[in-house]
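# An overview of the molecular structure
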Amino acid sequence: MLNYIIRSATDWLFRRRSPGYGLVRSGVALLLALLGGLSYGLNPTARGPLTFSWSTADGTAEAISWTVAFVAIALIVAGLLHIRAEWRRQERAKVIVIEARGLRDWSGDPLAEAVPSTIVGRPDPLILNFRQGLVDGQIVDPAVPLQKLSSLPDDLARRTEGLDRKDIRFVVGGLAPVPLLFLLGIIVDDEGSTTLMDWDRHARLWRTLDQDDDGKRFEVTGLDLVPAGTRRVALCVSASYDVLDSDVATVAPETSVVRLDLADRGTDAHWSEQKQQALGQQFLDVVIGLAARGVKEIALFVAAPASLAIRLGSLYDKRNLPFLEVNQYERGDPRTFPWAIRMPVGGLSRAELILR
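Residues numbered from 1 in each chain as written. Predicted model: local features only at pLDDT ≥ 70, side-chain atom pairs only at ≥ 80, totals over all residues. Heavy atoms only, no water.

## With respect to the overall build of the protein chain
Applicable threshold: For helices the rule is a DSSP run of H or I covering at least 4 residues; for strands it is a run of E covering at least 2, with both sets numbered from the N terminus onward. Summary of the burial criterion: residues with accessible area below 20% of their type's maximum are buried, those above 50% are exposed, and those between are partly exposed, where the area comes from a 1.4 Å probe applied to protein chains only. The contact rule is simple, with two residues in contact once any of their heavy atoms fall within 4.5 Å. Note on areas: Shrake-Rupley with a 1.4 Å probe; residue coverage comes only from the protein chains shown.
When helices and strands are tallied, the protein chain shows 9 helices and 16 strands. Buried positions account for 43% of the 356 residues belonging to the protein chain. A separation of at least 24 residues holds for 74% of the contacts in the protein chain among residues at least 6 apart in sequence. Surface accessibility of the protein chain: about 19,000 Å² in total, with carbon and sulfur atoms responsible for 55%.

## Overview of the pairing of strand β12 (residues 256-262)
The following threshold applies: Strands are labelled as partners when DSSP assigns at least two bridges between them.
With 5 of 7 residues buried, β12 lies mostly within the body of the structure. Examined bridge by bridge, strand β10 (residues 218-221) and β12 share 4 bridges and lie antiparallel to one another. Among the inter-strand pairings, Val220 is bridged to a residue of β12, identified as Leu260. As paired elements, strand β11 (residues 232-238) and β12 share 6 bridges and run parallel to each other. Bridging from a neighbouring strand, Val237 pairs with Leu260 of β12.

## Considerations on helix α6 (residues 178-188)
Spacing of three or four residues puts side chains on the same side of an α-helix, whose turn is 3.6 residues. Among the 11 residues that make up α6, 11 are buried, leaving the element largely enclosed by the rest of the structure. For α6, the set of buried residues is Val178, Pro179, Leu180, Leu181, Phe182, Leu183, Leu184, Gly185, Ile186, Ile187 and Val188.

## Side note on the packing of aromatic side chains
What counts is decided by this rule: Stacked, edge-to-face and tilted are the three classes for Phe, Tyr and Trp ring pairs, Trp counted by its six-membered ring, which pair at centre distances within 6.5 Å; planes under 30 degrees apart are stacked, over 60 edge-to-face, the rest tilted.
Taken as a whole, this structure holds 5 aromatic pairs when the rule is applied. Arranged with centres 6.5 Å apart and planes meeting at 75°, the rings of Phe182 and Phe283 form a pair that is edge-to-face. Here Phe283 lies in helix α8 (residues 273-292) and Phe182 lies in helix α6, a separation of 101 residues in the sequence. Ring geometry for Phe301 versus Phe337: centroids 4.9 Å apart, planes at 70°, classification edge-to-face.

## Examining the pattern of salt bridges
Just so we agree on the cut-off: Salt bridges are identified by distance alone: a Lys or Arg side-chain nitrogen within 4 Å of an Asp or Glu carboxyl oxygen.
Taken as a whole and judged by the stated rule, the model has 22 salt bridges. One salt bridge in this structure joins Arg232 and Glu325, with 3.0 Å as the shortest N-O distance. Of the two residues, Arg232 is situated in strand β11 and Glu325 in strand β14 (residues 323-328); the sequence distance between them amounts to 93 residues.

## Some details on the side chain of Ser272
How we decide: By the criterion applied in these results, polar contacts are pairs of N or O atoms within 3.5 Å in which, for protein atoms, one can donate a hydrogen and the other can accept it, and in which residues neighboring in sequence qualify only through two side-chain atoms.
Mapped onto the fold, Ser272 is located in the loop between β12 and α8. Exposure remark for Ser272: the relative accessible area of 2% places this residue in the buried category. In terms of polar contacts, Ser272 uses its side chain to reach the backbone carbonyl oxygen of Gln211, at 3.4 Å. Ignoring any residue separated from it by four or fewer positions in sequence, one finds Ser272 in contact with Leu209, Gln211, Asp212 and Asp213.

## Points about helix α9 (residues 306-315)
Burial of α9 is extensive: 8 of the 10 residues sit out of reach of the surface. Along α9, the positions that sit buried rather than exposed are Ala306, Ser307, Leu308, Ala309, Ile310, Arg311, Leu312 and Gly313.

## Some points on the sheet that holds strand β15 (residues 339-342)
Heads up, the rule is: Think of each axis as a best-fit line through the C-alpha atoms, taken over the contacting stretch in the case of a helix, with angles from 0 to 180 degrees between the N-to-C directions.
The strand order β10-β12-β11-β13-β14-β15-β16 describes an open sheet built from 7 strands, whose pairing is mixed. Edge positions in the sheet fall to β10 and β16 (352-355), since each of these pairs with one other strand and no more. For this sheet, the mean angle separating the axes of adjacent strands, direction not counted, is 20°. In this structure, β14 lies alongside β15, joined through 4 bridges in antiparallel fashion. By the bridge assignment, Gln328 is partnered in β15 with Trp339.

## Focus on the environment of Ala269
For Ala269, the position within the fold is in the loop between β12 and α8. What makes Ala269 buried here is its relative accessible area of 13%. Spatially, the C-alpha atom of Ala269 lies 9.7 Å from that of Asp213, the residues being 56 residues apart in sequence. Contact partners of Ala269, with chain neighbours within four places excluded, come to Leu262, Asp264 and Lys275.

Shape is all these values report; function is a separate question.
So this is what it looks like as structure tokens:
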């Protein structure tokens, strides 16, 4: 709660300030200062009525006073025009808030209610509820959520129809299996400006990636050992928990393994936007390196927070990188990775489900 109060106070202190309101405040302050330096009087005329008069208290030239008054009024008018333009822009702007629900049947606060005030626009919540096919956090029928994700591009096209691209922002977050989050990242990649948020399990609230970069990065191993011309490679990304080689071998035996292991990894090592950008670049560089060695297929195993899984998906080039399948880990399942999703990349037109 204390962290929430501190973040709320910080958001208010560094909130987005309107230049229009600043101009109006400056003009009003200047006008009040001018009026405060004037003296006023009511003088009778020969016929009886009173006349109002004013003059500068310190003898300042009348021309200067009129100039200052003109500047103050001009600032106020310019500020009001700017505010009017901002209001019109805000009326056009839309923030599409995509929330994936798919790990537990819980009723937490909606992501749309946690969108920072710095993101301007009318919120348009879009909830992807995968929980109808869940039992205690496990996907019973992966085809159900995959079908919902497959229809997402059409839904987004409908919601953005007739809008200028610069007036659309996306806020994305959720709790769902990694393959679904990765696919969500691929889908929203081409849609425009996107802000990622994540669920803080300790504070039980949605958060932006607002912490400082601690400088920890992936340690890449195995890339130089992949022979040129290798067709299929297993790529393991350990950002929160360990992806074990013994588990990978259950579905990708006799396959070259490349690892990206985050130093001091854990479930709270991802709250920096700058850090996630750097980790995403490392991931992309490794995939490009595999493609340069002739790799045609990548079996991806990811243990990472939701926002990082979405980010990695958004970075994956749909046309120029190898075919990709993202595997779902289930603890206690004898198959270890009972299903995977073949991503719509490398010329594949739509996502495909792999059942084992």
